[in-house]
Amino acid sequence: MSEAAVRHDWTLEEIEALFALPFNDLLFRAQQVHRQHFDPNEVQVSTLLSVKTGACPEDCGYCSQSAKHDTGLERERLLPLEEVIAAAKAAREAGSTRFCMGAAWRNPTDKSLERVIEMIRAVRDLGMETCVTLGMLSAEQARRLREAGLDYYNHNLDTSPEFYGSVITTRTFEDRLETLRHVREAGINVCAGGILGMGEGPRDRARLLQELANLPEHPQSVPVNMLVQVEGTPLFGVDGIDPLEFVRNIAVARILMPRSHVRLSAGRHEMSDELQALCFLAGANSIFYGERLLTTDNADTGHDRRLFDRLGIRMQAAPADEHKVCCGG
Ligand code: SAM
Ligand code: DTB
Ligand code: SF4
């Protein structure tokens, strides 16, 4: 089979036609595309740390950290550098190759950005890839992060442009695209995806994937989150997504963005081993590994290692990078 072209002009009809395929046909196609670009038995492993938790001014309807929702979460100040380094070292020891630091900000101030840059430099010095998610960024802030050697910036589109206003009112879908533009233009790898199971419809899911796939460059990393329902948030108690529909979304993401890492992200804690195995078969090849996501529990690491053993999956090794000062400390 000839290699599938990397396209940026997917129509909604084409995407809906993929979703309408029989499950086995869709998974077969996704697996074929996956094997053209990746080792099918290797998964990239990232670990998350919330470096600034809670009291966020935004009103994202899914989020435990919004000041607008009463979720009982304790707010925390920006973590001291030593705590970040200790967490990154522990993640590295456990086999994680990328360390992702999240802050509950609408956007970073220039002063707080400098503190995060110290964290990025320290994590790079451990030989790990770095990722941060700090909210909206100006073009200048994106350039500062690139200069500091940041590898990835996470900023999700979250859902379709049409459903977006039912979930978040304090910033727009267009704001999100603008931050992604700043990140891309600064030369930082883009990590952008969304959340499923927020009450959106099938068309919204197809539109989200269309928006991601038709960006000028495909995000290098595409996190597909299943909503973690947090008590006190407006989306608590919403009807979730059919698990097989979730697998279909992974498969369609794999077909639309053949060279991107598709991350089976939040929600694994609530998924069966068999559902996760289907997601890997559908082309997911990245996970968050570690006992916590940002504020909620993640799958148990021992359990993940056993699952990988049972599936014959290997954790991807750290990428060789001569710019990184590897393995100090
Ligand atoms: N404040 C920054 C922002 O929103 O860009 C960074 C942190 S925010 C927690 C990062 C992403 O995590 C969100 O865009 C959302 O896609 C995802 N997320 C947050 N809460 C979630 C939840 N309860 N379930 C699933 N995904 C969630
Ligand atoms: C992403 O797409 N998912 C991660 C990461 N990017 C920052 C966050 C998931 C958060 C889940 C809810 C929580 O732990 O607060
Ligand atoms: Fe704030 Fe990010 Fe949570 Fe939205 S998702 S409330 S911006 S921390």
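Refer to the structure printed above.
Just so we're clear, the structure is a prediction, and the values are computed from it rather than from any experiment.

Attention now moves to the site of ligand 2. As a structural note, the neighbourhood of ligand 2 is formed by Leu48, Ser64, Thr133, Asn154, Asn156, Pro223, Asn225, Phe288, Leu293, Leu294, Thr295 and Thr296. A distance of 2.8 Å separates an oxygen atom of ligand 2 from a polar side-chain atom of Thr296. A majority-of-atoms criterion places ligand 2 in the largest cavity.

Here we take up empty space enclosed by the protein. On inspection of all chains with the given rule, the structure shows two cavities of 30 Å³ or more. Computed from the structure, the largest cavity encloses a volume of approximately 860 Å³. Forming the boundary of the largest cavity are 41 residues, of which Tyr62, Cys63, Gln65, Asn156 and Leu294 lie nearest the centre. Counting only elements with at least two residues in the lining of the largest cavity, the list comes to strand E2 (98-103), strand E3 (129-133) and strand E7 (221-226). Here the lining of the largest cavity is built from residues that sort into 22 nonpolar, 13 polar and six charged. Looking at the second largest cavity, its volume works out to about 70 Å³. Taken together, Gly193, Gly194, Leu196, Leu208, Leu209, Leu212, Val222, Pro223, Val224 and Asn249 make up the full set of residues lining the second largest cavity.

Another point: the pairing of E3. In terms of burial, E3 is a largely internal element, five of the five residues being buried. Covered by surrounding structure in E3 are Glu129, Cys131 and Thr133 together with Thr130 and Val132, the residues of both alternating faces. Judged from the five bridges that link them, E2 and E3 form a sheet pairing that is parallel. Within E3, the residue paired with Phe99 across the bridge is Thr130. The β-α-β motif built from E2, the intervening helix H4 (residues 110-125) and the parallel element E3 has right-handed crossover chirality. In this sheet, strand E4 (residues 152-154) lies alongside E3 in parallel orientation, the contact comprising two bridges. In the strand pairing of E4, Cys131 is matched with Tyr152.

The rules we used
Residues numbered from 1 in each chain as written. Chains lettered and ligands numbered in written order. Predicted model: local features only at pLDDT ≥ 70, side-chain atom pairs only at ≥ 80, totals over all residues. Heavy atoms only, no water. Near = heavy atom within 4 Å. Polar contact = N/O pair within 3.5 Å; in protein donor to acceptor, adjacent residues only side chain to side chain. 1 Å grid on protein atoms, 1.4 Å probe; cavity = no way out; pocket = protein on both sides within 12 Å on 5 of 7 lines; lining within 4 Å. Sits in = over half its atoms within 2 Å of the grid points. Points joined across faces, edges and corners; volume = space filled by probe spheres on them. Helix = DSSP H or I, 4+ residues; strand = E, 2+ residues; numbered from the N terminus. Nonpolar A, V, L, I, M, F, W, Y, C, P; charged D, E, K, R; others polar. Buried < 20%, exposed > 50% of the residue type's maximum accessible area, 1.4 Å probe, protein only. Pairing = 2+ DSSP bridges. Right-handed = clockwise from strand over helix to strand, strands pointing away.

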